[in-house]
Amino acid sequence: MAQLLDDDRLSRSNPDPQAAAKDGGSAILAGLLGDLATDHGRLRALLDPHFSPDRMLALRPYVEEVTGQLLDQVAVQEQPVDLREALALSLPLLVMCEWLGVPQEDKDRFGGWIQDAAGVGDPVRSKQGLGELFAYCGRLIADKRRDPGDDAVSRICATEGISDDEVIGLTAFLLFGGYETTVARIGTCVSLLLANPEQWQALLRDPGLVPGAIEETLRMSMPNPHNGGMPRYALTDFEIDGVAIRTGDFILLNTIAANHDEAVFDRPDRIDITRDTTGSLAFGHGAYHCVGATLARMQLQVVLTQLVARFPTMRLAVGVDELRLRLTTLIGGLVRLPVTW
């Protein structure tokens, strides 16, 4: 699976435009990035500098401060508290605003557009969400061209040879990818640990296990039937384990299944925060490793570190079987995460 994720005989873009229009994930990717969706090398070259270790290190104090403020509010709410509503929905929005240079007062507006764009089953609403997001990003880029700041959008605008349309597409792509996915992963991480109290207790005894807990819960990410893997299309004829692949064939690289492969992980359906997760494909692999992985991991580590320290007796307020997945969006995640302590 890892080799196929990084195989240049496969492409993320459907060579058949009519078929691509029916593929929700591909259509959104193409809609956000335009020609950059098929020029992966240039896309990475444009984005990688903005996710450098130094940039992420500089952003971390802000993430810690905002997480602390949100948890201050959680602490005084009547229990049970929906942690998705109280923490997971707000933190990624505020972080993306700070990092990209988006005015904080606009966060609720573009958050709604992103949720609409990520929805399945209502293509009209999804298209409208994308349209609103693009229009907003166009106004934001115009403001940054006039008055640049020390933020990712201003730095992207200053890139030599980049067009306004490309900057708009990249900004929309970062807002989309950095928001919904992180919301979902915060909920998954916390719910998996609370559903396995012995793992939560292990974190209480040794907070140094937080990074491992993050990697293990990412590996265990709950599936969404609308997003069963990473779509690829064959650029040429070749063979996979004796199976003939023809040019244009659709291939779904199911990373969730790969992360539960017994040949790679012992007892893969059991969560173990001390596990060696080196073979995990939670963020893809190789050239297609998620560019925002460092930012997502950092937010998850801050959230989990502060939750364990401040709410050691936290537990699920409902049975595990009462937790519901969001099935109306490509990204997935939980509908609610009720907790008490």
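Model, not experiment: these values are computed from the prediction.

Considerations on the overall build of the protein chain
Helix and strand content of the protein chain: 15 helices and eight strands. Element-wise, carbon and sulfur atoms account for 51% of the exposed surface of the protein chain, whose accessible area totals about 15,800 Å².

Considerations on helix H15 (residues 293–310)
If you check H15, its first and last C-alpha atoms are 26 Å apart, about what 18 residues at 1.5 Å a residue would give, namely 26 Å. In terms of residue burial, H15 counts as a mostly covered element, since 13 of its 18 residues are buried.

What about a negative patch on the surface?
Taken together, the side chains of Asp261, Glu262, Asp266 and Asp269 define an acidic patch exposed on the protein surface. Of note, aspartate 266 is situated in the loop between helix H14 (255–258) and H15.

Thoughts on the packing of aromatic side chains
Each aromatic ring pair is summarised here by two numbers: the centre-to-centre distance and the angle between the ring planes. This structure, assessed with the given rule, holds four aromatic pairs. Judged by centre distance (5.9 Å) and plane angle (50°), the ring pair of tryptophan 113 and tyrosine 136 falls under tilted. Of this pair, tryptophan 113 sits in helix H8 (residues 107–117) while tyrosine 136 is found in helix H9 (residues 123–146), placing the two residues 23 residues apart along the sequence. Residue class for tryptophan 113 comes out buried when judged on its relative accessible area of 13%. The class of tyrosine 136 is buried, set by a relative accessible area of 4%. With 4.9 Å between their ring centres and 70° between their planes, phenylalanine 311 and tryptophan 341 make a pair best called edge-to-face. On the criterion of sequence distance, the pair formed by phenylalanine 311 in the loop between H15 and strand S7 (315–316) and tryptophan 341 in the segment after strand S8 (338–340) is long-range, its members being 30 residues apart. By relative accessible area, which is 23% here, tryptophan 341 ends up partly exposed. Above the ring of phenylalanine 265, the side-chain terminus of arginine 219 is found at 5.0 Å from the ring centroid.

Topic: unusual backbone geometry
The omega torsion of the bond from glutamine 79 to proline 80 falls at 0°, within 30 degrees of zero and hence cis. Looking at where proline 80 falls in the secondary structure, it is placed in the loop between helix H5 (53–75) and strand S2 (81–82). Unusually for a residue other than glycine, aspartate 241 sits at a positive phi of about 50°. Tracing the chain through its elements places aspartate 241 in the loop between strand S4 (238–240) and strand S5 (243–245). Owing to a relative accessible area of 79%, aspartate 241 belongs among the exposed residues under this scheme. Of note, arginine 267 is a non-glycine position whose phi angle comes to about 45°, a positive value. Looking at the secondary structure, you find arginine 267 in the loop between H14 and H15. We classify arginine 267 as exposed; its relative accessible area is 54%.

As for the pairing of strand S3 (residues 230–234)
The pairing of strand S1 (residues 10–11) with S3 spans two bridges and is antiparallel. Directly across from serine 11, in S3, lies its bridge partner tyrosine 233. Where S3 meets strand S6 (residues 250–253), four bridges bridge the pair, whose relative direction is antiparallel. Counted as the bridge partner of proline 231 is leucine 252 from S6.

Describing the sheet that holds S1
Strand order in the open sheet formed by three strands is S1-S3-S6, with antiparallel pairing between adjacent strands. Every other strand in the sheet has two partners, leaving S1 and S6 as the edge strands with one partner each.

Re the pattern of salt bridges
Taken as a whole and judged by the stated rule, the model has 16 salt bridges. Where arginine 60 meets glutamate 64, a salt bridge forms, and the shortest distance between an N and an O atom there is 3.2 Å. Remark: glutamate 64 and arginine 60 occur in helix H5; sequence separation between them is four residues, near one turn of the helix. Between arginine 326 and glutamate 180 there is a salt bridge, and its shortest N-O distance comes to 3.5 Å.

Some points on the sheet that holds S2
Reading across the sheet, the three strands line up as S2-S8-S7 and stay open at both edges, with antiparallel pairing between neighbours. Each edge of the open sheet is held by one strand with a lone partner, namely S2 and S7. Where S7 lies against S8, two bridges are found, and the strand directions are antiparallel. Counted as the bridge partner of arginine 315 is threonine 340 from S8.

Description of the confidence of the model for the protein chain
Residues of the protein chain with pLDDT of at least 70 account for 89%, and the chain-wide mean is 87. Low pLDDT (under 50) marks residues 21–26, which in the prediction has nine contacts with non-local residues, meaning those over four places away or in another chain.

What counts, and where the lines are drawn
Residues numbered from 1 in each chain as written. Predicted model: local features only at pLDDT ≥ 70, side-chain atom pairs only at ≥ 80, totals over all residues. Heavy atoms only, no water. Helix = DSSP H or I, 4+ residues; strand = E, 2+ residues; numbered from the N terminus. Areas by Shrake-Rupley, 256 points an atom, 1.4 Å probe, with all protein chains shown as cover. Expected span 1.5 Å × (residues − 1). Buried < 20%, exposed > 50% of the residue type's maximum accessible area, 1.4 Å probe, protein only. Patch = residues over 30% accessible without salt bridge, like charges linked within 9 Å, V, L, I, M, F, W, Y side chains within 5 Å. Salt bridge = Lys/Arg side-chain N within 4 Å of Asp/Glu carboxyl O. Lys, Arg positive; Asp, Glu negative; His and termini not counted. Charge placed at Lys NZ, Arg CZ, Asp CG, Glu CD. Phe/Tyr/Trp six-rings, centres within 6.5 Å; stacked < 30°, edge-to-face > 60°. Lys NZ or Arg CZ within 6 Å of the ring centre and 35° of its normal. Pairing = 2+ DSSP bridges. pLDDT = per-residue confidence, 0-100. Contact = heavy atoms within 4.5 Å.

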